[in-house]
Amino acid sequence: MNVPMYDHAGRYRLLRSELDAAILRVLESGKPDWGPEVPAFEEEFAKFVGTKYAVATNSGMAALKVALLALDIGPGHEVITAPNSDIATTSAIHHVGAKAVWVDIEPDTLNLDPDLIEDAITPRTKAILPAHMYGHPADMVRILEIARKHKLFMIEDACLALGAAIEGKPVGQWGDIACVSFAPTKHLGSFGSGGICVTNNPDLAERMLLYVGYGQPRSRVYGSSALKQGQHLVVEGLNERLDEIQAAMLRVQLPEVPGWIQKRVENASFYTSAFKGSPVQTTVIRPNCTHTFRNYVVRVNQRDEVQQQLTEAGIATALVYVPPLHLQPAYTGLGFDPGSFPITEEACDRLIGLPVGPHLSTEQLEYVVDTLLRITGGQR
Ligand SMILES: *Cc1c(COP(=O)(O)O)cnc(C)c1O
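The sections below set out a description of the structure shown in this document. (Residues numbered from 1 in each chain as written. Predicted model: local features only at pLDDT ≥ 70, side-chain atom pairs only at ≥ 80, totals over all residues. Heavy atoms only, no water.)

The next thing to look at is the overall build of the protein. Helices and strands together make up the secondary structure of the protein, namely 14 helices and 13 strands. Dimensions of the protein along its principal axes, counting C-alpha atoms only, are 70 × 55 × 40 Å. Counting all 380 residues of the protein, 55% fall into the buried class. Long-range pairs, those at least 24 residues apart, make up 73% of the contacts in the protein between residues at least 6 apart in sequence. Summed over all atoms, the accessible surface of the protein reaches about 16100 Å², with 52% contributed by carbon and sulfur. Taking the 33 positively charged and 43 negatively charged side chains of the protein as two groups, their mean positions are separated by 4 Å. (Helix = DSSP H or I, 4+ residues; strand = E, 2+ residues; numbered from the N terminus. Buried < 20%, exposed > 50% of the residue type's maximum accessible area, 1.4 Å probe, protein only. Contact = heavy atoms within 4.5 Å. Areas by Shrake-Rupley, 256 points an atom, 1.4 Å probe, with all protein chains shown as cover. Lys, Arg positive; Asp, Glu negative; His and termini not counted. Charge placed at Lys NZ, Arg CZ, Asp CG, Glu CD.)

Further remarks concern the layout of surface pockets. One number sums up the size of the largest pocket: a volume of about 290 Å³. Lining the largest pocket are 17 residues, with D7, R11, W260, P358 and H359 positioned closest to its centre. Mapped onto the lining of the largest pocket, the elements with two or more residues apiece are α1 (8-14) and α11 (257-275). Considering each element in turn, the lining of the largest pocket owes the most residues, four residues, to α1. Across the lining of the largest pocket, the residue classes break down as six nonpolar, seven polar and four charged. (1 Å grid on protein atoms, 1.4 Å probe; cavity = no way out; pocket = protein on both sides within 12 Å on 5 of 7 lines; lining within 4 Å. Points joined across faces, edges and corners; volume = space filled by probe spheres on them. Nonpolar A, V, L, I, M, F, W, Y, C, P; charged D, E, K, R; others polar.)

Glancing now at the packing of aromatic side chains. Applying the stated criterion across every chain, the model contains twelve aromatic pairs. Measuring from ring centre to ring centre gives 5.5 Å for W102 and Y331, while their planes differ by 80°; the resulting arrangement is edge-to-face. Residue W102 is found in strand β3 (residues 99-102), and its partner Y331 is found in the loop between α12 (303-312) and α13 (342-350); the two are separated by 229 residues along the sequence. Given the relative accessible area of 7%, Y331 is considered buried. Ring geometry for Y271 versus Y296: centroids 5.0 Å apart, planes at 50°, classification tilted. (Phe/Tyr/Trp six-rings, centres within 6.5 Å; stacked < 30°, edge-to-face > 60°.)

Here we come to the site of the ligand. Every one of the 14 residues lining the ligand counts as a neighbour, but G60, M61, D157, S181 and K186 are closest to it. Separating an oxygen atom of the ligand from a side-chain N or O atom of S181 is a distance of 2.7 Å. Within the side chain of Y321, a nitrogen or oxygen atom sits 3.0 Å from an oxygen atom of the ligand. The fraction of the free accessible surface of the ligand (380 Å²) that becomes covered by protein chains is 89%. Breaking the shell around the ligand down by element, the ones donating at least two residues are α4 (60-70) and α5 (87-95). When grouped by side-chain class, the residues that make up the shell around the ligand number five nonpolar, six polar and three charged. (Near = heavy atom within 4 Å. Polar contact = N/O pair within 3.5 Å; in protein donor to acceptor, adjacent residues only side chain to side chain.)

Attention now goes to empty space enclosed by the protein. By the definition in use, this model includes four cavities of 30 Å³ or more. In this structure, the largest cavity occupies an estimated 90 Å³ of space. Lining of the largest cavity is provided by P32, D33, W34, V38, E42, A56, R218, Y222, R241, L242, D243 and E244. Residues that form the lining of the largest cavity fall into these classes: six nonpolar, no polar and six charged.

Of all five residues that make up strand β9 (residues 195-199), five are buried, and the element is covered over most of its length. Going residue by residue along β9, you find G195, C197 and T199 tucked away on one face and I196 and V198 tucked away on the opposite face as well. Sheet topology note: the strand β1 (residues 53-57)/β9 ladder contains five bridges and is antiparallel. Note that in β9 the partner of V55 across the bridge is C197. Bridge count between strand β8 (residues 177-181) and β9: four bridges; the pairing is antiparallel. Within β9, the residue paired with V180 across the bridge is I196. (Pairing = 2+ DSSP bridges.)

Okay, the sheet that holds strand β6 (residues 165-166) next. The three strands are arranged β7-β6-β11 in an open sheet whose pairing can be described as antiparallel. For this open sheet the edge positions go to β7 (169-170) and β11 (289-290), each flanked by a neighbour on one side alone. When β6 meets β11, the two strands line up antiparallel, connected through two bridges. Counted as the bridge partner of A165 is T290 from β11.

Below you can see the structure in the form of structure tokens.
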């Protein structure tokens, strides 16, 4: 049996006629750029997350950069984050000229540890940037308390956690800005690349619109600006906009997302009960938290050997963000030795991601469980 991590062609087939129609609609509109699809998708997505505004970008990494720029974070500033996320979380901070300050994670949720944040705050700290790892929300209640106490911004990296919530309040609604990725492998996947920033703050929304589109107000492009012609470049912006075809295709898929998330949560819960009491260590779900499982990560001994055997059995796996950032070649120049972030390193040494997407059949899930238990010597 083959168990793939994703099935993008299957996702296309499921919605083929609507996706084809969406692409044709854009092609025939004569508006490949600055058309109606991006603003319409932004409005629909903001409603989906429950925020007032959304600003679409061409990737999750672009969303993070635009969020930082909109908050005026740049050279001389520090942003606190964790070393076990996608490189984009850290590199976005560096690309705007600020410094990423890593702190270690909680051993159970693998999210930024609130207990370690205050020690990392300096007069240069401007923001805290937790990523909701694998779909489990970071401890927003405590992190927000710390951010308020020290007058810091909070940016949520919600790229892995669409639909997750703490105490019933969805991720995306906690930070000053939250960023989401539409990489094909995320909860809502483009057929290319995409991302979005959400916020409830109208000034930040306006600034993000400036930064994604060359520094000009979008109202100018859509013909309703009061600015004098020729005086429309307000800040030195980027060109990091979502494109019309991706926006049109994301609009088709957005209504499917709750069902897809539901399926992920069911698949995860099947795994968690099957692995109970076995050598396969599953991740916790904190009380009052909704985990939406972009990844189902477990921890096992002899991880590389286990992965090899799963591959031989036809089961795809993912080493999500392993080794951690401070031990990647890109950051050896920063001088962090092994042992710098012990909880992160212990988790990354043993962690492996299993297929958990909505494309999986019951037979495939059973096969993953049986195979992994056989490999690790567990009992069903
Ligand atoms: C995917 C991801 C990103 C980057 O998103 P892209 O769309 O690939 O640029 C950033 N942070 C996290 C936590 C992610 O999972």
